[in-house]
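Below are the chains, spelled out letter by letter.
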Amino acid sequence: MIRMNGVSWRRERKEGTPALSNLSFEVPQGGFRWLLGPSGAGKTSLLSLLHVENLPTDGTLCLLDKDVTTQTPRALLVRLRQRIGMVHQDFRLMPDLSVADNVALPLRLQHRPEDEITDEVHAILKWVGLGDRIGVRASRLSGGEQQRTAIARAIVHRPGLILADEPTNALEEPQAHKLLDLFGELSSMGTTVIVATHNEALIRRLPRPALMLERGRLVQDGT
Amino acid sequence: MALPFSGRKDGLSLSEALPDRSLFILVAMMSFLAALTLTGATGARTLSTRWAGGAAQLLTIQVSEPDQPVAGASKTDKTAPQTRADAVLTDLAALPAGTQVHRLTQEELARLLTPWLGDAGKTALPLPAVIEVRLAEGHEAPLDLEQALEAHVSGTVVEHNAEWSSRLRALAESLLACAALALATVGGIATMITALATRAGLSTRRDIIEILHGLGATDSYIAGRFAWRTGGLALGGALLGTLLAMAPLLLLFRMAAPFAASTLQATSTAMPDWRTLPDLLPGDMLAGLAALPFVAAFIGWATTQFMVRVWLRRMP
Ligand SMILES: Nc1ncnc2c1ncn2[C@@H]1O[C@H](COP(=O)(O)OP(=O)(O)OP(=O)(O)O)[C@@H](O)[C@H]1O
Ligand SMILES: [Mg+2]
């Protein structure tokens, strides 16, 4: 689950209004939330806090039953990150690694047996429709293929929290719907899911509570 | 299908994504330079210590008309008259214990003179006797040696190497200073270039470090993977550079070998055989050359560890 209480976040060395100010909301374990708001509202910034890429400047954040503050030991933050699956807006694949090696990264970081990794990676790539692109270098993929690789990497290790930043903007409608159905299913199986999007049609397909941001402030907290 | 599913057990199969091979080339070139400098410095030291050390103890004595009887000796001595050369040798026996006295044989003389006189053995030129005196360590020839010998056997010339040995020593010392300076400079530059090349290679991979961090890799894991990779590249590059430097080095040492010799007997215009060459190379130089790749590897490894950890520290 996620609990934020009065969280503000300011970029390093950046004065003035913080990128996020005074956010308070709660998402139970297994909850699904849309993350909405105009471009520049702070959706990616909020996800970076939930992914522990950045720490709150003010307020308290509790993620997967762990308090995240500047005092939290690094080792704990590392373990927390391993339990989160993140689909970045810009994918962030390793360009020189194959699709399969990219998707295998979270499993290898957890030191899973290699034969188990092979099975999992092949299964998930087949599911996202990349079964025939397994050995291709990530830098040679189309935008949609990169996005599907990034999605596969975010869910392959069955994280307790999935964060997706516009995960369907490079996908065709059937693929987007298939992905959304998977997210809904994972959430009903106990995974917390947050999906940032601009896509109205998608929201209509899976009506769930929304967190709405506007200029760094929460105008709708999903209750 | 450019890359297969690597299935590597040890980590993340990152070798494709890690700092590239330009580091390898740079380190190879730097090690080549460092190896040459190291050898130059060692060579300078070897030559200068032998010259400066050997010259002080070395005397060369020439006795003209060596086989003539000593003037004045035959009048009082009824036995077989002593030759001038033998007389000098007898006098030299009074030098401090440990002194080596050696009269060059006809063959040795001939070999020395061949470059100037051709086949000297067959010339009718009257050759002087050449006596080489090597004093024991710490001893110097008595100051009046030349007068004493001259009084006994007139026309005896003592070549005091000690006089120019002090100049040689000064020369040797400045040579050594230059060599040390060159070694320090090249060592410093090599260290910096290796560190900079490592840095440049890493900065293009910074996004990868961030991705790994985001996926939940520990600092020590990321730094370790990158450090072993750069360390390995630096090791390979330095190994190549050092090996390439060995060819000119061996050639140089082979040519320098005759000059490094300190006694006349050992002096020979011939270069040593290739097979005996390793015995002539100073042990500490070989050790230095052998250490070079490991030093380069360590520089690459340590720079990477440091830089990657500094970057990671900026992220939570
Ligand atoms: N690297 C950065 N340095 C400085 N400011 C930034 C940086 N990235 C984003 N910002 C600013 O922070 C604010 C929030 O950006 P953020 O990326 O979180 O918006 P967003 O809601 O994700 O927008 P979009 O829908 O376009 O992805 C914006 O005003 C943006 O200009
Ligand atoms: Mg965004």
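**What about the overall build of chain A?**
- Within chain A, the secondary structure is distributed over seven helices and 10 strands.
- A compact globule built from 223 residues should have a C-alpha radius of gyration of about 17 Å, and chain A, at 17 Å, falls within 12% of that.

**Some thoughts on the sheet that holds strand β5 (residues 66-68) of chain A**
All names here are of chain A.
- Pairing within the open sheet is antiparallel, and its four strands lie in the order β2-β1-β4-β5. Whereas interior strands pair on both sides, the edge strands pair on one side only; in this sheet they are β2 (20-27) and β5. With direction set aside, neighbouring strand axes in the sheet form an average angle of 20°.
- By the bridge criterion, five bridges tie strand β1 (residues 2-9) to β2 in an arrangement that is antiparallel. Bridge pairing links I2 to V27 in β2.
- Most of the contacts of helix α1 (residues 43-50) go to β1, to which it runs at about 120°, and overall it touches β1, β2 and β4 (58-63).

**Considering the site of ligand 1**
- In the vicinity of ligand 1, the contacting residues are A:R11, A:A19, A:G37, A:S39, A:G40, A:A41, A:G42, A:K43, A:T44, A:S45 and A:Q89.
- Of the residues belonging to the shell around ligand 1, the class tally is two nonpolar, seven polar and two charged.

**Section: the nonpolar core**
- Residues A:V103, A:L125, A:L163, B:V27 and B:A234 are the most contacted members of the largest nonpolar core, which totals 107 residues.
- If near-sequence neighbours (up to four positions away) are discounted, A:V103 is found in contact with A:V121, A:I124, A:L125, A:T149, A:A152, A:R153 and A:V156.
- Counting residues in each nonpolar core, the second largest holds 14 residues, with B:A85, B:A87, B:V130 and B:A141 among its members.

**Structural notes on the packing of helix α3 (residues 99-109) of chain A against helix α4 (residues 114-127) of chain A**
All names here are of chain A.
- Direction vectors running N to C along α3 and α4 enclose 125°, while the axes themselves pass 10 Å from each other. If you check the angle between α3 and α4, you find them oblique. At the point where α3 passes α4, the crossing takes the right-handed sense. For the pair formed by α3 and α4, the contact residues are V99, A100, V103, A104, L107 and R108 on the first element and I117, E120, V121, I124 and L125 on the second.
- Of the residues that constitute the contact of α3 with α4, the class distribution is nine nonpolar, no polar and two charged.

What counts, and where the lines are drawn
Residues numbered from 1 in each chain as written. Chains lettered and ligands numbered in written order. Predicted model: local features only at pLDDT ≥ 70, side-chain atom pairs only at ≥ 80, totals over all residues. Helix = DSSP H or I, 4+ residues; strand = E, 2+ residues; numbered from the N terminus. Rg over C-alpha atoms; globule rule 2.2 N^0.38 Å. Pairing = 2+ DSSP bridges. Axes fitted to C-alpha atoms, helices over the stretch in contact; angles between N-to-C directions. Contact = placed C-beta atoms within 7 Å. Near = placed C-beta within 6 Å. Nonpolar A, V, L, I, M, F, W, Y, C, P; charged D, E, K, R; others polar. Core = buried A, V, L, I, M, F, W, Y, C linked by C-beta atoms within 7 Å. Buried ≥ 20, exposed ≤ 12 C-beta atoms within 10 Å, placed from the backbone. Parallel < 35°, antiparallel > 145°, perpendicular 65-115°, else oblique. Left-handed = near helix turned anticlockwise from the far one by under 90°.

The values reported here are purely geometric and, on their own, carry no functional implication.
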